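Next come the chains, spelled out residue by residue.
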Amino acid sequence: MSEFQYYRPNNFPPVVKNLVIINVLVYIAQLTVHPFPLTEKLMLYPALPAQLSDYLSQQGGLPGMGAFNPYQVFTYMFAHSPATFTHILFNMFALWMFGRILENVWGPKRFLFFYIVCGVGAAAFHLAIQYFRAEQLWHAIQLNDQAGITKNLGALAPALGASGAIMGLLAAFGYLFPNSEMFILFIPFPIKAKWAVLGMAAIDLFGGVTNISGDNVAHFAHIGGALVGLVIVLIWNKTNRRSLY
């Protein structure tokens with residue numbers, strides 16, 4: 001007996017709609033509930049090696065640096081930078097553009113599971129890379145290597161935003177609809193989805209590896225979300241093709 005289910009196409013399906021509403025409400029709260037530090041409570045802080053954490057505490061800590069708590073791997077994906085409206089605007093537009101298609105294909109329960117797991121997976125990948133770079137930072141501090149300290153200090157930056165989960169959606173869309181043509185900002189011709197997703201992943205990989213000064217994008221969270229999304233789709237496709245398509 002087939003497990004395929006039909007879902008009536010909807011331009012604003014329920015899970016996507018509610019995710020957008022939640023993100024917008026949280027963003028409004030971030031802007032209005034001062035002096036309560038809502039953004040600082042929701043964002044994802046690095047899980048630092050014990051030696052580095054102790055050293056920073058002895059030095060009085062770093063401005064804006066909070067403590068890691070496990071709940072942050074979930075809450076960070078619903079908060080966005082209050083200083084940059086385009087941060088939430090682009091993320092919610094991408095959530096609607098690609099999420100509605102995937103929710104119409106998978107149904108609300110499977111789509112919500114996919115979105116949350118991609119977001120949590122993006123956080124886990126980001127934390128793992130941060131921990132590795134924090135160890136390099138601690139080593140540089142011990143050697144009094146100023147170049148190494150400057151290079152790895154960005155490992156301590158907290159993260160927030162839905163971009164990791166969104167990259168999971170993009171990876172799934174690129175896999176399911178590889179030849180769909182997309183128009184990308186500042187590119188005057190259409191690009192197939194598979195090449196657009198690969199291009200964005202390559203840009204994130206380059207940004208994460210080169211660690212350009214002033215770049216405040218959590219590139220490895222994006223990569224983590226895309227990898228988790230791709231793995232989930234591959235597993236679903238292998239175990240039950242009818243329910244995937």
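Preceding block: the structure.
Residues numbered from 1 in each chain as written. Predicted model: local features only at pLDDT ≥ 70, side-chain atom pairs only at ≥ 80, totals over all residues. Heavy atoms only, no water.

Visitor: Sorry, what's going on with the overall build of the protein chain here?
Guide: On a plain count of helices and strands, the protein chain comes out with eleven helices and two strands. Within the protein chain, counting contacts between residues at least 6 apart in sequence, those at least 24 apart form 74% of the total. Here the protein chain has roughly 13500 Å² of accessible surface; of this, 67% comes from carbon and sulfur atoms. (Helix = DSSP H or I, 4+ residues; strand = E, 2+ residues; numbered from the N terminus. Contact = heavy atoms within 4.5 Å. Areas by Shrake-Rupley, 256 points an atom, 1.4 Å probe, with all protein chains shown as cover.)

Visitor: What exactly am I supposed to notice about the environment of Ala202 here?
Guide: By the element assignment, Ala202 lies in helix H9 (residues 193-210). Sequence separation between Ala202 and Ile223 is 21 residues, and the spatial gap between their C-alpha atoms is 9.0 Å.

Visitor: I keep staring at the side chain of Asn104 and nothing clicks. Help me out?
Guide: Counting through the fold element by element, Asn104 comes out in helix H5 (residues 85-106). A polar side-chain atom of Asn104 sits 2.9 Å from the main-chain carbonyl oxygen of Arg100. (Polar contact = N/O pair within 3.5 Å; in protein donor to acceptor, adjacent residues only side chain to side chain.)

Visitor: Explain the packing of H5 against helix H8 (residues 163-176) to me, please; I cannot follow it from the model alone.
Guide: Geometrically, a packed helix pair is captured by the angle between its two axes and the distance between the axes. Contact geometry of H5 with H8 gives a least axis separation of 9 Å together with a crossing angle of 40 degrees. With respect to each other, H5 and H8 are oriented oblique. When the axes of H5 and H8 are compared, the crossing they make is left-handed. Contact with H5, carried on its side by His87, Asn91, Ala94, Leu95, Phe98, Gly99, Ile101, Leu102 and Trp106, involves Ser163, Ile166, Leu169, Leu170, Ala172, Phe173 and Leu176 of H8 and no other residues of that element. When its residues are assigned to classes, the contact of H5 with H8 shows twelve nonpolar, four polar and no charged. (Axes fitted to C-alpha atoms, helices over the stretch in contact; angles between N-to-C directions. Parallel < 35°, antiparallel > 145°, perpendicular 65-115°, else oblique. Left-handed = near helix turned anticlockwise from the far one by under 90°. Nonpolar A, V, L, I, M, F, W, Y, C, P; charged D, E, K, R; others polar.)

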